[in-house]
Amino acid sequence: MQKILIVGAASAIAEAAARRWASGGNALFLVGRNAARLETIAGDVRVSGAASVGVFAMDANEVAAHPAMLQAAEKSLGGLDIALIAHGTLPDQKACERSVELTLREIGTNGLSVVALATLLGERFGKQGSGSVAVIGSVAGDRGRQSNYVYGAAKGMVGLFLQGLRNRLASKGVQVLTVKPGFVDTPMTAAFKKGALWAQPDDIAAGILRAIGKKRDVVYLPGFWRAIMTVIRHIPESVFKKMSL
Amino acid sequence: MALTSWGQLPASPAAEERWWDERSAPLPEVGGTLLAYGNGRSYGDVCLNGGGTLLRGRGLWHFISFDPENGRLVCEAGVLLADILDVFVPRGWFLPVTPGTRFVTVGGAIANDVHGKNHHRAGTFGRHVRRFELLRSDGSRRVCSLTENAEWFAATIGGLGLTGLMTWAEIELRRIAGSGVAVENRRFTGIDEFFAINAEAEARHEYTVAWIDCLANTPRGILMAGDHAESGSLADVAKRPLSLPATPPISLVNGLTLRAFNFAYFHRPLPATAVVHYVPYFYPLDGILHWNRLYGRKGFYQYQCALPSGARDALGEILRGIAVSGQGSFLAVLKTFGEIPSPGLLSFPLPGMTLALDFSNSGSETLALFDRLDAIVGAAGGRLYPAKDARMSGRFFRGSNPRFDEFANFIDPKFSSDFWRRATA
């Protein structure tokens, strides 16, 4: 049985991961903004077979609340083996361009709050000498594009931060996993037209559990995004800046 | 890409698609009509609402409670049957009734009152539903069961999603001892032999279904009877399904590939008895995700009719009609229905038999064949399965469903579907 903390437990990918972990008989601690929603998800993972379920209502932007949350999680779980950080928003890029305030808020939610949590968890797992931190980043963090560079910048910051954290904790036996999903068909992306590149949340969740099991560092999900992003990263900037992406 | 149904036939898109993931929330205020869209596994247009709003009910995908004393599972209506199997088979529980794919939602299974290979023993899915909540556009919520709001219960089972939005349901799972199925295979030639060996098999086995080669001069096929294994492991298979990644420009299913497939399938080495995992027995096609893309960009139809017990001649006539046309597919299924009635007003099965075949969309040629088949089905007192249909006339639907008028009283005024507009035209 593993003791698992999920921040952003109401995200579609996190919910799917929670159910998979629950049906394996693991203990879960779910963190999200909406207490009623957390109860719904807690009910689901209880039925799915979780050894125990705890919930904690918190806005990830309230960095001051993070230590208390982590304490509550450890108390409920009786320790900590895995932490999945899955919260996030999909900013309205156009609106961000007109509002400094909104831009900074989105970078706070998708970037700074994650950095804050990863800092705490890194310390915690480093002292323990074991554990896994998995963070949901995005392919959008691999290169800035005009259509979503606020989101991309936040995710890119997270990716770089985790790279350093991984480097620091590798010798201590702690896994730091960056998950980079491509397009996922979830309520967060409801406004988009869907095509062949779109994946289901449960496919991403299955990939996350596999990657944690295999102690991977960075995974693209589904895997074909690694090839797509390799191409996108290698387009010269002089060409890239003129593309409509 | 707009939400489509399984048959991938051309259809006008919904004006709006909205996720629906909070069961206690009221229905949205919209200008046009509403319809819940589950997992898009119905073949025709019962899940489509051109110009209106589709509520993506897969957001309602949580389990709510389970009672291991009696197998009663309460879950949100967007939970997939596959989700239930994944969680409960390892604990020794199985669905009371399952259709040929596990990728349908509980709400969709109830709205279409699906049936399975155990219809002769268990009846339809609707018979194993204990309660559900129905949310109407006037904001009212009703818990419906055989004893509470019974008329709404009857209208909603097989009610094609038109009586309102189902938020959660309680169904009764059944015990199993192992995840395997003990299968008995028998080849048959001719309809009479089918009915003879089928009657024998139904008396001894919980599940029966036959694949038939509808292109052979004399219909021939394989009867596959099964029972849950009485012992063994409850483990799941780890095999990940294959997927057809893209839609080829033309159908890969045609007269030539079909005859070759059917010949090989009929003559393949066939063990008389075997124990197989439940997935390949119940869900052979779930092993290839997006198999519907085989039929190319024009999409495909499925023709599934139910015929009363006495209508064996009509069945023969239908099979001859299909053989002569040279259309039809390798996915031809023949199954007898038992006597157990469904609680649903519009439920499809009737005591007798059902035949289901896929057809590439060859336009007017295919539609003309269906009209000829309709005439035979209608004269025999049979009907067509709305979950599979994309083309029957409103007159045919109304004429073959004696409780149509009674049902119409329970439709939510804000709900509609492409199917319903056709059925009432």
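Everything numeric in this text was worked out from a predicted model, so none of it was measured.

### Quick notes on the overall build of chain A
Counting its secondary structure elements, chain A contains 9 helices and 7 strands. The C-alpha radius of gyration of chain A comes to 17 Å, within 12% of the 18 Å expected for a compact globule of 245 residues. Projected onto its principal axes, the C-alpha coordinates of chain A cover approximately 55 × 40 × 35 Å. Long-range pairs, those at least 24 residues apart, make up 67% of the contacts in chain A with a sequence separation of at least 6.

### Quick notes on the overall build of chain B
Scanning chain B for helices and strands turns up 12 helices and 20 strands. Its C-alpha atoms give chain B a radius of gyration of 21 Å, within 12% of the compact-globule value 22 Å for 425 residues. Each principal axis of the C-alpha atoms in chain B carries an extent, and together these give about 55 × 50 × 45 Å. Counting the 425 residues in chain B, one finds 51% classified as buried. Contacts spanning at least 24 positions in sequence make up 76% of the contacts within chain B whose residues lie at least 6 apart.

### Some details on the interface of chain B and chain A
Frequently, the measure chosen for interface size is the accessible area removed from exposure when the parts meet. Opposite the 13 residues of chain B that make contact, chain A presents 14 residues. For the side of chain B that touches chain A, the elements supplying multiple residues, two or more each, are β4 (63-67) and α1 (81-88) of chain B. With 4 residues, the top contributor of residues to the side of chain B that touches chain A is β4 of chain B. Considered class by class, the residues forming the side of chain B that touches chain A number 8 nonpolar, 3 polar and 2 charged.

### Thoughts on the packing of helix α3 (residues 66-77) of chain A against helix α5 (residues 100-128) of chain A
All names here are of chain A. With their axes 10 Å apart at the nearest point, α3 and α5 run at an angle of 45° to one another. Put simply, α3 runs oblique to α5. In the crossing of α3 with α5, the sense of the turn from one axis to the other is right-handed. Facing His66, Pro67 and Leu70 of α3, the residues of α5 in contact are Ala116, Leu117, Leu120 and Arg124. In terms of residue class, the contact of α3 with α5 is made up of 5 nonpolar, 1 polar and 1 charged.

### Comments concerning α3 of chain A
Residues and elements named next belong to chain A. With 12 residues, α3 ought to run about 16 Å at 1.5 Å a step, and its terminal C-alpha atoms sit 16 Å apart, in line with that. All buried positions along α3 are accounted for by Met69, Leu70, Ala73 and Leu77. Buried residues of α3, viewed axially, fall in a sector of 95°; they line one side. Residues of α3 that are exposed and point over 90 degrees away from its buried face: Pro67, Ala68, Gln71 and Lys75. Positive backbone phi, approximately 75°, marks Gly78, located one or two places after α3.

### With respect to the pairing of strand β7 (residues 218-221) of chain A
By the bridge criterion, 4 bridges tie strand β6 (residues 175-181) of chain A to β7 of chain A in an arrangement that is parallel. Opposite Thr178 of chain A, over in β7 of chain A, you have Val218 of chain A as the bridge partner.

### What to know about the confidence of the model for chain B
Close reading of the predicted structure is inappropriate where its pLDDT is low. Averaged over every residue, the pLDDT of chain B is 92; residues scoring 70 or more account for 96%. What the predictor reports for the complex is a pTM of 0.90 with an ipTM of 0.83.

### Here's the deal with the packing of helix α8 (residues 312-325) of chain B against helix α9 (residues 364-379) of chain B
Residues and elements named next belong to chain B. Axis separation between α8 and α9 bottoms out at 10 Å; the angle between their running directions is 170°. Looking at the two axes, α8 sits roughly antiparallel to α9. Contacts between α8 and α9 involve Ala314, Glu317, Ile318, Gly321 and Ser325 from the former and Leu369, Arg372, Leu373 and Ile376 from the latter. Across the contact of α8 with α9, the residue classes tally to 5 nonpolar, 2 polar and 2 charged.

### Some words on unusual backbone geometry
For the bond from Leu221 of chain A to Pro222 of chain A, the omega torsion is -15°, close enough to zero to count as cis. Here Pro222 of chain A shows up in the loop between β7 and α8 (224-234). Although it is not a glycine, Asp113 of chain B adopts a positive phi angle of roughly 40°. Along the chain, Asp113 of chain B turns up in the loop between α2 (106-111) and α3 (119-122).

### Quick look at the domain arrangement of chain B
Residue and element names in this part refer to chain B. When cut into domains, chain B gives domain 1 (58-176) and domain 2 (180-392). With centres defined by C-alpha atoms, the gap from domain 1 to domain 2 works out at 24 Å. The interface of domain 1 with domain 2 comprises 31 residues on the first partner and 28 residues on the second. Each residue belonging to the side of domain 1 that touches domain 2 can be placed in one class, and the counts come to 11 nonpolar, 14 polar and 6 charged.

### A word on α1 of chain B
Of all 8 residues in α1 of chain B, 6 are buried, a share of seventy percent or more. Restricting attention to buried positions, one finds in α1 of chain B the residues Leu81, Asp83, Ile84, Leu85, Val87 and Phe88 of chain B. Along its buried surface, α1 of chain B packs onto α1 (12-23) and α2 (35-48) of chain A together with β5 (72-76), β6 (93-94) and α2 of chain B.

### A word on the sheet that holds β7 of chain A
Residues and elements named next belong to chain A. Pairing in this open sheet of 7 strands is parallel, and the strands run β3-β2-β1-β4-β5-β6-β7 from one edge to the other. Of all strands in the sheet, those bounded by a partner on one side alone are β3 (52-57) and β7. In this sheet, adjacent strand axes meet at a mean angle of 15° when their direction is disregarded. Contacting β1 (3-7), β2 (27-32) and β3, α3 runs over the sheet at an angle of about 165° to β3. Along the sheet, helix α7 (residues 201-213) makes contact with β4 (82-85), β5 (132-136), β6 and β7, crossing β6 at roughly 155°.

### With respect to the sheet that holds strand β9 (residues 165-172) of chain B
Residue and element names in this part refer to chain B. Spatially, β4-β5-β9-β7-β8 is the arrangement adopted by the 5 strands of the open sheet, whose pairing is antiparallel. Of all strands in the sheet, those with a lone pairing partner are β4 and β8 (141-145), marking the two edges. Direction aside, the axes of adjacent strands within the sheet are offset by 10° on average.

### Remarks on the nonpolar core
Counting 124 residues, the largest nonpolar core has Ile110, Ala169, Leu307 and Leu315 of chain B as the members making the most contacts within it. Ranked by residue count, the leading element in this core is strand β17 (residues 300-308) of chain B, at 6 residues. Both domains that furnish three or more residues to this core are identified here as domain 1 (58-176) and domain 2 (180-392) of chain B. Contact partners of Ala169 of chain B, with chain neighbours within four places excluded, come to Cys75, Ala77, Val106, Ile110, Val129 and Phe132 of chain B. In terms of nonpolar packing, the next biggest core, distinct from the first, is built from 69 residues, Ile4, Leu84, Leu162 and Ile204 of chain A among them.

### Remarks on the environment of Leu367 of chain B
Residues and elements named next belong to chain B. Along the chain, Leu367 turns up in helix α9. By C-beta crowding, Leu367 is classed as partly exposed, having 13 other C-beta atoms within 10 Å. Remark: the alpha-carbon pair of Leu367 and Thr147, spanning 220 residues in sequence, is separated by 43 Å.

### Notes on the pairing of strand β3 (residues 53-56) of chain B
Residues and elements named next belong to chain B. With burial as the criterion, each face of β3 is covered, one bearing Thr53 and Leu55 and the other bearing Leu54 and Arg56. Two strands pair when backbone bridges link them, and strand β1 (residues 16-19) and β3 are joined in this way by 4 bridges, in the parallel orientation. Bridge pairing in β3 links Glu16 to Thr53. Pairing of strand β2 (residues 34-37) with β3 involves 4 bridges; the strand directions are parallel. Considered in β3, the bridge of Ala36 is made with Leu55.

What counts as what
- Counting of residues starts from 1 at the beginning of each chain's written sequence and follows it residue by residue.
- Written order decides the labels, with chains lettered from A and ligands numbered from 1.
- Only residues with pLDDT of 70 or above have their local features reported here, since the model is predicted, and side-chain atom pairs are shown and tallied only from 80 upward, although totals for entire chains, interfaces and linings are computed over all residues.
- In this text, helices come from DSSP runs of H or I with a minimum length of four residues, and strands from runs of E with a minimum of two, each type numbered from the N-terminal end.
- Just to be clear, the radius of gyration here is over C-alpha atoms, and the globule rule we use is 2.2 Å times residues to the power 0.38.
- Each residue gets a C-beta atom placed from its backbone, and two residues are in contact if those atoms lie within 7 Å.
- Here a residue counts as buried when 20 or more other C-beta atoms fall within 10 Å of its C-beta, as exposed when 12 or fewer do, and as partly exposed in between; the C-beta atoms come from the backbone.
- Under this grouping Gly is polar, as are all residues other than the nonpolar Ala, Val, Leu, Ile, Met, Phe, Trp, Tyr, Cys and Pro and the charged Asp, Glu, Lys and Arg.
- In this analysis, axes come from line fits to C-alpha atoms, helices being fitted only over the stretch in contact, and the angle between any two N-to-C directions falls in the range 0 to 180 degrees.
- Throughout, the term roughly parallel applies to angles under 35 degrees, roughly antiparallel to angles over 145, roughly perpendicular to angles from 65 to 115, and oblique to all others.
- Crossing handedness is read from the near helix: turned anticlockwise from the far helix by less than a right angle, it gives a left-handed crossing, and turned clockwise, a right-handed one.
- Any helix carries an expected span of 1.5 Å times its number of residues minus one.
- To obtain the arc, one takes the directions from the helix axis to the C-beta atoms.
- Two strands are counted as paired when DSSP detects at least two bridges linking them.
- Predictor confidence is given residue by residue as pLDDT, running from a minimum of 0 to a maximum of 100.
- Residue ranges labeled as domains rest on an automatic or database domain assignment.
- Under the definition applied here, buried Ala, Val, Leu, Ile, Met, Phe, Trp, Tyr and Cys residues are grouped into a nonpolar core through C-beta atoms within 7 Å.

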